[in-house]
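# Analysis of the macromolecular model
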Amino acid sequence: MAKENKQEFVQHITPRSENFSQWYTDVVTQTDLMDYTPVRGCMALRPYGNRIWELIHEQLDGMFKETGHENVSMPMLIPESLLLKEADHVEGFAPEVAWVTHGGNEPLQERLAIRPTSETLFCTMFAKWVHSYRDLPMKYNQWCSVMRWEKTTRPFLRTAEFWWQEGHTVHATADEAQEETLLMLKVYQDFCEKNLSIPVFAGQKSDKEKFAGARATYSVEAMMQDGKALQAGTTHNFGTNFSEPFEVKYLSKEGVLEYCHETSWGVSTRLIGAIIMTHGDERGLKLPPMIAPFQAVILPIAAHKGGVMEHCEEAYKQLKAAGIRVKLDDRDNVSPGWKFNEWELKGVPVRVEMGPRDIENGVATVMRRDTFEKTTVPLANLAEGIQALLNDIQANLFNIANDFRLAHTKDVFSYEELAEQVDGGYARAMWCGERACEDSIKEKLNATSRNMPFDQTPIADTCVCCGKKAEKLIYFAKAY
RNA sequence: CGAGAUGUAGCGCAGUUUGGUAGCGCGUCUGGUUCGGGACCAGAAGGUCGCAGGUUCGAAUCCUGUCAUCUCGACCA
């Protein structure tokens, strides 16, 4: 009976190797991260998933503060006239805007967009708040949700409503704006690599792929375990594209009225999807310790026997005092074996088993989720031992993901090589810079340009697509 | 938005072809024995069959519409 049970449960998750997409959906829905709602394409974040987002929020917010940013809050609704002010912007977002048309029972004179992003609101307010060069730079951020009426949705990766942060800054000079754009890209890269253990490619987007209304867009691109690309974060330099229509101007030291230079940047709950797809395995989630809601879970074995619960509680206190996010699973209605599987499914980095045998020996049996390696740690320095393990797991997850990424990234020199490489990986190629080649690659290979790395050392002279003189080194991949 | 599939108890499913009392497994609850990789025994509870119309004496089952989810494609800062 027990064995049949287990098979049924494990079969629940479609094998990752068999159907990556289905595996992802199964993991997402069976780990209490989110649930579907009656609203089309909108998910509910459940406590476990929401806690991951809170940890991302806390840690990123700290990095924003360190780089001199402050949080503000803007309205959810944007009057249509404001959205229409920047031509490229409205063209880019119009197809996916949800509209409010009534206030109570009265039709509105002007319909209101539910924000798909808040550039237009920020610009309107910046126009009021910025007067002098003394007011600059103004570096703001907001944590909120936005809505985009997507045609097809997928949990975390593309939902109609999603939670994110959007930073918006105003600067006196083009140089400062560019510096800010690259600084925040670096912040995102560091956050992905250090906090989430997700290695990324940082670089500049092509004109075809850049943000609606931006002069330059940059991105950090992650690689999922099926070799497809996921844009993990972006930063934009708007130059004066928005400040001109919105009249965001300042009086310079020299007494001249100048347009401001603006930037924006954002990451979203999509990062949770990236974590799942980068680290997960056949048994479910594998969470990097830094954003794991529980970094360690203590499981009593034979809890009814003398001393077991007492020792577990003591260990709990010790770990908690050491600042480790720890859970004592003292449920008496499921067996230890059940708990093992459940917490592995939910991706808890370290499991601490405490049974009569451990207590006799003055140790705890500890298993790490990334390698399934079991060790014993003396109770006297349990906290130190587990903290060391957590650090090691954090680093190991990055290394595994990084090895995978490098193994699935290749320099390509011909169209045939490109076609082969984008089927399950990133292709690093030379490109003439023409939109036509990107369009053709998209149409024939279903791959898009991801970004152009900052190190532009050429690997060839001719475009991988048309054979004309190459201008740029660029990554191509199929993307989520 | 196009093609295909699915929607029945908390979860996984059968029942739909051929209309006739709402079923199974797991979980849940109660009591007891267990506890180092998904424990066992006994008893119990739990469902307007996605939603709205229609056909019929009678609809989970047939028809129409609609909503949601999945797969593939198109689209997509």
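Please refer to the structure placed before this passage.
Just so it is clear, the model here is predicted, and its values are computed rather than measured.

In this section: the packing of helix 3 (residues 47-66) against helix 9 (residues 270-279). Contact pair helix 3 / helix 9: the axes reach a minimum separation of 10 Å and the direction vectors enclose 105°. Judged by the inter-axis angle, helix 3 sits roughly perpendicular to helix 9. Contacts between helix 3 and helix 9 involve Gly49, Ile52, Trp53 and Ile56 from the former and Leu271, Ile272 and Ile275 from the latter. Looking at the contact of helix 3 with helix 9, its residues break down into six nonpolar, one polar and no charged.

Before going further, it helps to spend a moment on the pattern of salt bridges. Working definition: two side chains of opposite charge can pair if their charged atoms are close together. Taken as a whole, this structure holds 29 salt bridges when the rule is applied. Where Asp32 meets Lys346, a salt bridge forms, and the shortest distance between an N and an O atom there is 3.3 Å. Taken as a pair, Asp32 in the loop between helix 2 (20-30) and strand 1 (34-36) and Lys346 in the loop between helix 11 (336-345) and strand 17 (350-354) lie far apart in primary sequence, 314 residues in all. On the basis of relative accessible area, Lys346 is assigned to the buried category, the value being 10%.

Before going further, it helps to examine the sheet that holds strand 4 (residues 77-79). Taken in spatial order, the three strands of this open sheet run 4-6-5, and their pairing is antiparallel. In the strand order of this sheet, the two ends are held by strand 4 and strand 5 (98-103), each with one partner. Taking each pair of neighbouring strands and ignoring which way they run, the sheet shows an average axis angle of 45°. Of the pairings in the sheet, the one linking strand 4 to strand 6 (residues 106-114) comprises three bridges and is antiparallel in character. Directly across from Leu77, in strand 6, lies its bridge partner Ile114.

About the cut-offs
- Residues numbered from 1 in each chain as written.
- Chains lettered and ligands numbered in written order.
- Predicted model: local features only at pLDDT ≥ 70, side-chain atom pairs only at ≥ 80, totals over all residues.
- Heavy atoms only, no water.
- Axes fitted to C-alpha atoms, helices over the stretch in contact; angles between N-to-C directions.
- Helix = DSSP H or I, 4+ residues; strand = E, 2+ residues; numbered from the N terminus.
- Parallel < 35°, antiparallel > 145°, perpendicular 65-115°, else oblique.
- Contact = heavy atoms within 4.5 Å.
- Nonpolar A, V, L, I, M, F, W, Y, C, P; charged D, E, K, R; others polar.
- Salt bridge = Lys/Arg side-chain N within 4 Å of Asp/Glu carboxyl O.
- Buried < 20%, exposed > 50% of the residue type's maximum accessible area, 1.4 Å probe, protein only.
- Pairing = 2+ DSSP bridges.

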